[in-house]
Amino acid sequence: MTQEANATQGKNHDLLYSLHDKPSFWPSTFAALQHVLASLVGVITPTLIVGGALGLGEHVPYLISMALMVSGVGTFIQCRRIGPVGAGMLCLQGTSFAFLTAVLSAGFIVKNRGGTPEDILATIFGVSFCAAFIEIFLSRFVHKLQKIITPVVTGTIIILIGIPLIKVAMTDIGGGFGALKTDAFGSLDNLMLAGIVLVSVILLNRSKNPMVRLAAVVIGLALGMLAAFFMGRLDFSHVANLPLVSIPVPFKFGFQFDLAAFIPLAILFCVSAMETTGDLTANSTISREPVKGPIYINRIRGGVLGDGINSMIAAVFNSMPSTTFSQNNGVIALTGVASRFVGLYIAAILFIMGLFPIIGGVLQTMPKPVLGGATLIMFGTVAVAGIRVLSQANLDRRNMMIVAISVGMGIGVSTVPEVLQALPDTVANILSSPVAMGAITAISLSLILPEGRSQDEEEEKAEAEEAAPVIDGKKKLGEVG
């Protein structure tokens, strides 16, 4: 056991296994399966959404396999800590919803100019590869980013990530983008399937059993798939044509770059660095590890660096940007297992699952309303997370103005993109992303608008003036009107 572990051993009395303990095979496997169960939907859903929205069809099973395999590799790096790379804690790495809005925007830029599915994927992964270097660079001084990426900016951006995705979820509930202009869109069958999933997840989340709550989305999707089976909505015919094993091929679809697609992703990598800092701080707290001092700072830097490098690896092997998953902190608190060696078991399970494209093929058969019923809750939760971040900030008049204008601009260009039609195409494509528009507005206003006194300070000043003694017919502070 290391010196670091000895220093914290006394504080870990309420953990079954602390950070540097090595549980035996069965306890490790059981704990790892709980982490996989809690995160599986988060790992695969972004790929399902992007595949459906951009019409990627036959590539989806392979992309899901790559998402699982890359998640396994990223989790290994974060838990094992290779040199300065990785947090060295039990933190699962997976495809991030935070990048979904920007990835979809990038895909539609290519699709709208007549690009093939391969062109779309080449651009998404090429731009993601380049943008990952932003987080790698920022990892060296991530603690100083808080002066620019304030809670007001972060909360605003997270809201603008969640709200546009709700439209994607509602489209899936209606039947998906492919059914948008047909009579089948919004049919009673579609609404019933989505309703089964939605109600199931809500009821399961009210359970007193914490494991049931963690698995609520997985169980809800399974019930939706079961209902779809009895309704004759499942077609597994294409699964038989899938290869037995998925082979990772670097940049399988090529490498393309687009500046308009790059800017929103670059901004989100800055935000991701701050979110990862928060996740790792929570992980340290739950694991009874230091949350200040050199050990803590090194872990944060290593974790954010790991995020950037894992996202770069993800792009090379045809998967979307990844980040640490916050829900796994809840699993640590639930199981009392904080051992980073359990992360190696998680990594192995995810990687093995990714080897078999039949898993992605089965998931691809999931009817869009089933997926939409689950993602509506998930994307709504993203928007609420942004509101929660804002609630922790000092929402004085200045900050409320920043949030109001930034959210208004972000949602405005998303709702009425034609407002940008007079701008050059590259600029219009950048600003048509709600995340890019909102982030640029929020950061600019934060830097331009001076920070005045808070409301409490203003009230204290007014009370002091009111209570000041009168000297020679005038108050000591201020003048009598």
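Before any of the text, the structure's been laid out above.
Here goes a summary of the coordinates provided. (Residues numbered from 1 in each chain as written. Predicted model: local features only at pLDDT ≥ 70, side-chain atom pairs only at ≥ 80, totals over all residues. Heavy atoms only, no water.)

## Notes on the layout of surface pockets
Applicable threshold: Throughout, the protein atoms alone are placed on a 1 Å grid, and a set of points is a cavity if a 1.4 Å probe fits but cannot get out or a pocket if it is open with protein on both sides within 12 Å along at least five of seven lines; lining residues have an atom within 4 Å of a point. Grid points are joined across faces, edges and corners, and a volume is the space filled by probe spheres set on the points. Each helix is a run of DSSP H or I of at least 4 residues and each strand a run of E of at least 2, with the numbering of both proceeding from the N terminus. Residues are grouped as follows: Ala, Val, Leu, Ile, Met, Phe, Trp, Tyr, Cys and Pro are nonpolar; Asp, Glu, Lys and Arg are charged; all remaining types, including Gly, are polar.
Taken as a whole, the largest pocket holds about 1600 Å³ of empty space. If you go around the largest pocket, you meet 44 residues; those closest to its centre are Ser-326, Gln-327, Thr-381, Ala-385 and Arg-388. At nine residues, the largest contribution of residues to the lining of the largest pocket is made by helix α15 (residues 368-391). Per-class residue counts for the lining of the largest pocket are 24 nonpolar, 16 polar and four charged. In this model, the second largest pocket occupies a volume close to 990 Å³. Taken together, 29 residues form the lining of the second largest pocket, with Ser-105, Phe-108, Ser-414, Pro-417 and Ser-432 sitting closest to its centre. Put simply, the parts of the chain that give the lining of the second largest pocket at least two residues each are α4 (100-112), α6 (151-174), α16 (397-415) and α17 (425-431).

## Quick word on empty space enclosed by the protein
Enumeration according to the criterion identifies one cavity of 30 Å³ or more in this entry. Taken as a whole, the largest cavity holds about 80 Å³ of empty space. Around the largest cavity, the lining residues are Thr-47, Val-50, Gly-51, Leu-56, Leu-63, Val-103, Leu-121, Ile-124, Phe-125, Asn-318, Ser-319 and Met-320. Counting only elements with at least two residues in the lining of the largest cavity, the list comes to α2 (25-54) and α5 (117-138). For the lining of the largest cavity, a count of residues per class yields eight nonpolar, four polar and no charged.

## Description of α6
Our working definition: One less than the number of residues in a helix, times 1.5 Å, gives the span that helix is expected to have. Working definition: with a 1.4 Å probe on protein chains only, accessible area under 20% of the residue-type maximum means buried, over 50% means exposed, and in between means partly exposed.
The terminal C-alpha atoms of α6, which comprises 24 residues, lie 35 Å apart, in line with the 34 Å expected from a rise of 1.5 Å per residue. Among the 24 residues in α6, 19 count as buried, and that is most of the element. Once α6 ends, the next one or two residues include Gly-175, with phi positive near 140 degrees.

## Structural notes on the packing of helix α10 (residues 259-286) against helix α18 (residues 434-448)
Describing two packed helices takes the angle between their axes plus the distance from one axis to the other. Under the convention used in this document: Between the N-to-C directions of two axes lies an angle of 0 to 180 degrees, each axis being a line fitted to C-alpha atoms and, for a helix, fitted only over the stretch in contact. Note on angle classes: values under 35 degrees are labelled roughly parallel, values over 145 roughly antiparallel, values of 65 to 115 roughly perpendicular, and the remainder oblique. Helix crossings fall into two classes, left-handed where the near helix is turned counterclockwise from the far one by less than a right angle and right-handed where it is turned clockwise. Whether two residues are in contact is decided by their heavy atoms: any pair within 4.5 Å suffices.
Here α10 crosses α18 at 60 degrees, and the two axes come no closer than 9 Å. Relative to α18, the element α10 lies oblique. Judged by the sense of rotation from one axis to the other, the crossing of α10 with α18 is left-handed. In this structure, α10 contributes Pro-264, Ile-267 and Leu-268 to the contact, and α18 contributes Val-435, Ala-436, Ala-439 and Ile-440.

## Overview of the packing of aromatic side chains
Note the threshold: Note on aromatic contacts: the rings of Phe and Tyr and the six-membered ring of Trp form a pair at centre separations within 6.5 Å, being stacked when their planes are under 30 degrees apart, edge-to-face when over 60 apart, and tilted otherwise.
Throughout the structure, instances matching the rule amount to 13 aromatic pairs. Aromatic side chains Phe-129 and Phe-251 sit 5.7 Å apart centroid to centroid with 75 degrees between the ring planes, which places their arrangement in the edge-to-face category. Of this pair, Phe-129 sits in helix α5 while Phe-251 sits in the loop between α9 (216-230) and α10; the two residues are 122 residues apart in sequence, bridging distant segments of the chain. Classification of Phe-251 as partly exposed rests on a relative accessible area of 22%. Here the aromatic rings of Phe-137 and Phe-141 are separated by 5.1 Å at their centres, their planes lie at 85 degrees, and the arrangement is edge-to-face. By relative accessible area, Phe-137 is classed as exposed at 53%. On the basis of relative accessible area, Phe-141 is assigned to the partly exposed category, the value being 29%.

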